[in-house]
Amino acid sequence: MPYMVSDGNGLYLQVQPSGARYWRFRFRWAGVGNTLSCGVYPEVTLDEARSNRDGFKALIVSAPY
């Protein structure tokens, strides 16, 4: 069963039983929960994943509701 290691502000590392690790960003849009991929660890570092998350947040805030 996969598990999550939270970094905060919706960003977390999803760890698969196979050992694969994925950066994910969880957010709510129009009352519905959604998840976006921020990259594969270790190809995408924590700083890069945080930058991706911040870019996604900016798009969400600026999108019309």
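Everything below is about the structure shown above.
This is a predicted model, so every value here is computed, not measured.

Student: Even after reading the chapter, I still don't get the packing of aromatic side chains, so can you show me in this structure?
Tutor: In this description, an aromatic ring pair is defined by two values, namely the gap between the centres and the angle between the planes. Evaluation of the coordinates by the stated rule reveals 3 aromatic pairs. Taking the centre distance of 6.0 Å and the plane angle of 80° together, the rings of tryptophan 23 and tyrosine 41 count as edge-to-face. Taken together, the residues span a long stretch of sequence, with tryptophan 23 in strand 3 (residues 21-29) and tyrosine 41 in strand 4 (residues 32-41) at a distance of 18 residues. Ring centres 6.4 Å apart and planes at 15° place the aromatic pair phenylalanine 25 and phenylalanine 56 in the stacked group. In this pair, phenylalanine 25 is assigned in strand 3 and phenylalanine 56 in helix 1 (residues 46-62), connecting sequence segments 31 residues apart. A relative accessible area of 23% places phenylalanine 56 in the partly exposed class.

Student: Teacher, can you tell me more about the pairing of strand 4 here?
Tutor: Within a regular strand, the side chains alternate between the two sheet faces. Strand direction decides the pairing type here: strand 3 and strand 4, joined by 9 bridges, are antiparallel. Within strand 4, the residue paired with arginine 26 across the bridge is threonine 35.

Student: Mind showing me how you'd approach the pattern of salt bridges here?
Tutor: Close approach of charged atoms lets side chains of opposite charge pair. Within the structure shown, the criterion is met by 3 salt bridges. Between arginine 53 and aspartate 7 there is a salt bridge; the shortest N-O distance is 4.0 Å. On the criterion of sequence distance, the pair formed by arginine 53 in helix 1 and aspartate 7 in strand 1 (residues 3-8) is long-range, its members being 46 residues apart. Here aspartate 7 falls in the partly exposed class, since its relative accessible area comes to 27%. The partner of aspartate 54 in a salt bridge is arginine 53, with the nearest N and O atoms 3.1 Å apart. By relative accessible area, which is 43% here, aspartate 54 ends up partly exposed.

Student: Mind showing me how you'd approach the pairing of strand 2 (residues 11-15) here?
Tutor: Of all the 5 residues making up strand 2, 5 are buried; the element is thus mostly covered by neighbouring parts of the structure. Covered by surrounding structure in strand 2 are Leu11, Leu13 and Val15 together with Tyr12 and Gln14, the residues of both alternating faces. With 5 bridges joining them, strand 1 and strand 2 adopt antiparallel strand pairing. For methionine 4, the partnering residue across the bridge sits in strand 2 and is glutamine 14. Where strand 1 folds back on strand 2, the antiparallel hairpin that results is connected by 2 residues, among which asparagine 9 adopts a positive phi of roughly 55°. Here strand 2 pairs with strand 3 via 5 bridges, running antiparallel. Of the residues in strand 3, the one forming a bridge with glutamine 14 is tyrosine 22. Hairpin connection of strand 2 to strand 3: 5 residues between the antiparallel strands, including glycine 19 at a positive phi of 100°.

Cut-off values and rules
- Residues numbered from 1 in each chain as written.
- Predicted model: local features only at pLDDT ≥ 70, side-chain atom pairs only at ≥ 80, totals over all residues.
- Heavy atoms only, no water.
- Phe/Tyr/Trp six-rings, centres within 6.5 Å; stacked < 30°, edge-to-face > 60°.
- Helix = DSSP H or I, 4+ residues; strand = E, 2+ residues; numbered from the N terminus.
- Buried < 20%, exposed > 50% of the residue type's maximum accessible area, 1.4 Å probe, protein only.
- Pairing = 2+ DSSP bridges.
- Salt bridge = Lys/Arg side-chain N within 4 Å of Asp/Glu carboxyl O.

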